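Read off the chains here:
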Amino acid sequence: MIPISKPFIGKEEKAAVAAVLESGMLAQGPRVAELEQRFAELCQTKHAVATSSGTTALNVALLAHGIGPGDEVITTPFTFIASINSILYVGARAVLVDIEEETFNIDPALIEAAVTPRTKAIMPVHLYGYPCDMDAILDIAGRYGLDIIEDAAQAVGAKYKSQPIGSFGTACFSLYATKNIMSGEGGMITTNDDTVAEQARMIRSHGMKRRYYHDMMGYNFRMSDLHAAIGVVQMDRLEEFSARRCANAAYLSANLNGVTVPTVREGYDHVWHQYTIRVSGDRDAAVQRLKEAGIGTGVFYPVPAHKQIHLQELGYGEVSLPVAEKLSDEVISLPVHPLLSQADLEKIVYEVNQL
Ligand SMILES: Cc1ncc(COP(=O)(O)O)c(C=O)c1O
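Attention here is on the structure that accompanies the text. Treat the numbers as computed from the prediction; the structure is a model and nothing was measured. (Residues numbered from 1 in each chain as written. Predicted model: local features only at pLDDT ≥ 70, side-chain atom pairs only at ≥ 80, totals over all residues. Heavy atoms only, no water.)

Applying the stated criterion to the full structure yields 22 salt bridges. When the shortest N-O distance is used, the salt bridge between Glu13 and Arg237 registers 2.7 Å. Note that Glu13 is positioned in helix H1 (residues 11-23) and Arg237 in helix H7 (residues 225-255), a separation of 224 residues in sequence. Owing to a relative accessible area of 1%, Glu13 belongs among the buried residues under this scheme. Residue Arg38 is joined to Asp236 by a salt bridge in which the shortest nitrogen-to-oxygen separation is 2.8 Å. On the criterion of sequence distance, the pair formed by Arg38 in helix H2 (residues 30-43) and Asp236 in helix H7 is long-range, its members being 198 residues apart. Residue Asp236 is classed as exposed on the basis of its relative accessible area, which comes to 57%. Here the salt bridges do not stand alone but share partners, grouping Lys11, Glu12, Glu13 and Arg237 into one network. (Salt bridge = Lys/Arg side-chain N within 4 Å of Asp/Glu carboxyl O. Helix = DSSP H or I, 4+ residues; strand = E, 2+ residues; numbered from the N terminus. Buried < 20%, exposed > 50% of the residue type's maximum accessible area, 1.4 Å probe, protein only.)

Written as structure tokens, this is what we have:
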């Protein structure tokens with residue numbers, strides 16, 4: 001079976017974890033600080049704050065921006081549920097705006113109509129590693145005084161018009177095991193805002209600046225040095241991993257027939273966390289046929305957020321977002337990870353072209 005994703009764990013990752021174990025200092029420490037510095041460099045931001053997951057990064061970022069009950073955050077329904085849950089955790093309302101059929105990302109032409117006096121932020125999700133239309137989003141945010149909290153969980157290393165994703169406001173990354181680079185579990189917040197960074201550091205660690213003096217209520221959302229040590233090694237691999245993903249995606253797009261392949265616009269540097277096609281027939285049958293042929297696939301995501309049970313219970317039953325609903329029935333993500341061989345790519349093309 002060609003897996004849909006495969007974490008790369010080399011001898012360097014193993015040695016880095018062993019070194020932390022030998023140091024006897026396993027919790028947040030120097031490796032976390034090093035990983036934060038590497039992310040700040042990558043995203044060209046003043047600050048980076050590590051957390052225990054992408055989900056806790058989003059939760060902390062929203063709290064650090066002072067978003068809470070009575071506030072609204074505009075985002076996409078076509079995302080991993082953590083984007084939406086993070087807004088719900090802080091007591092705010094997620095206002096869902098439909099997506100662009102071509103890019104799978106939030107449709108900037110529909111955002112302005114969703115702005116109300118309660119809107120505090122826009123959360124663009126760079127789905128599959130493909131940047132959102134940031135010029136349009138920055139324009140609306142600027143005109144209405146809204147914060148931008150990028151959900152960059154899938155988009156480490158991506159760029160929009162040469163500017164790193166992660167530098168357009170406050171941004172959150174995931175270092176979950178199957179992400180383009182990983183630390184097993186982990187998250188990272190990047191920002192140029194001194195106050196947001198300071199708040200985020202406190203919120204992730206029980207509201208402490210000084211040990212056992214709690215200026216506010218916080219959480220334990222810290223990353224451990226064991227995890228950070230893996231992340232630091234993976235940072236060194238990011239460029240090569242991204243280049244391989246791009247080459248694999250280019251091969252697939254050049255050779256697949258009979259399905260809709262992903263669009264990449266000029267100035268958008270995609271990092272191909274997922275390579276997602278659309279099929280016009282029975283998607284689930286196509287997934288099954290590929291499985292029988294030895295090709296692992298993923299469906300990201302089969303149910304848009306507003307159709308999930310817990311959102312239905314929160315009153316999203318009347319929400320209609322036709323593009324997201326349609327695409328959730330059509331998408332299939334194919335393997336694009338850096339460990340694919342040429343034979344794997346040829347097999348994927350052959351089998352998909354038989355569908
Ligand atoms: C778009 C998106 N947002 C948020 C997250 C949450 O990250 P984590 O799984 O590290 O909590 C993910 C992870 O899959 C994601 O894909």
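Now that the structure has been shown, the text picks up again.
Our focus in this paragraph is the sheet that holds strand S5 (residues 147-151). Taken together, the 7 strands give an open sheet; going across it, the order is S1-S9-S8-S5-S4-S2-S3, and neighbouring strands pair in mixed fashion. Every interior strand has two partners, whereas the edge strands, strand S1 (47-51) and strand S3 (93-96), have only one. Strand-to-strand twist across the sheet, computed as the mean angle between neighbouring axes with direction ignored, equals 25°. Seen against the sheet, helix H4 (residues 81-89) touches strand S2 (72-75), S3 and S5 and runs at an angle of roughly 140° to S3. (Pairing = 2+ DSSP bridges. Axes fitted to C-alpha atoms, helices over the stretch in contact; angles between N-to-C directions. Contact = heavy atoms within 4.5 Å.)

What follows concerns the packing of helix H3 (residues 54-64) against H4. At a minimum axis distance of 9 Å, the contact between H3 and H4 shows a crossing angle of 40°. For the element pair H3 / H4, the angle class is oblique. Judged by the twist between their axes, the crossing of H3 over H4 is right-handed. Facing H3, whose interface residues are Thr55, Leu58, Asn59 and Leu62, H4 presents Ala82, Ser83, Ser86, Ile87 and Tyr89. Classifying every residue of the contact of H3 with H4 gives 5 nonpolar, 4 polar and no charged. (Parallel < 35°, antiparallel > 145°, perpendicular 65-115°, else oblique. Left-handed = near helix turned anticlockwise from the far one by under 90°. Nonpolar A, V, L, I, M, F, W, Y, C, P; charged D, E, K, R; others polar.)

The buried fraction of S1 amounts to 5 of the 5 residues, a majority that puts the element mostly inside the structure. A two-sided burial pattern is seen for S1, the buried positions comprising His47, Val49 and Thr51 on one face and Ala48 and Ala50 on the other.

On to the sheet that holds strand S10 (residues 268-269). Taking strand neighbours across the sheet as the criterion, the 3 strands line up as S7-S6-S10 in an open arrangement whose pairing is antiparallel. With one partner strand each, in any of the chains shown, strand S7 (163-164) and S10 form the two edges of the open sheet. In this sheet, S7 lies alongside strand S6 (residues 159-160) in antiparallel orientation, the contact comprising 2 bridges. Bridged to Tyr160 within S7 is Gln163.

What follows deals with the site of the ligand. For the ligand, the set of nearby residues contains 17 residues, the closest of which are Gly54, Thr55, Asp151, Ser174 and Lys179. The backbone of Gly54 places a nitrogen or oxygen atom 2.8 Å from an oxygen atom of the ligand. Within the side chain of Lys179, one N or O atom sits 2.6 Å away from an oxygen atom of the ligand. Protein chains shield 92% of the accessible area of the ligand, which is 390 Å² for the free molecule. Looking at the shell around the ligand, the elements with two or more residues in it are H3 and H4. Ranked by the residues each element gives to the shell around the ligand, the list is headed by H3, at 3 residues. (Near = heavy atom within 4 Å. Polar contact = N/O pair within 3.5 Å; in protein donor to acceptor, adjacent residues only side chain to side chain. Areas by Shrake-Rupley, 256 points an atom, 1.4 Å probe, with all protein chains shown as cover.)

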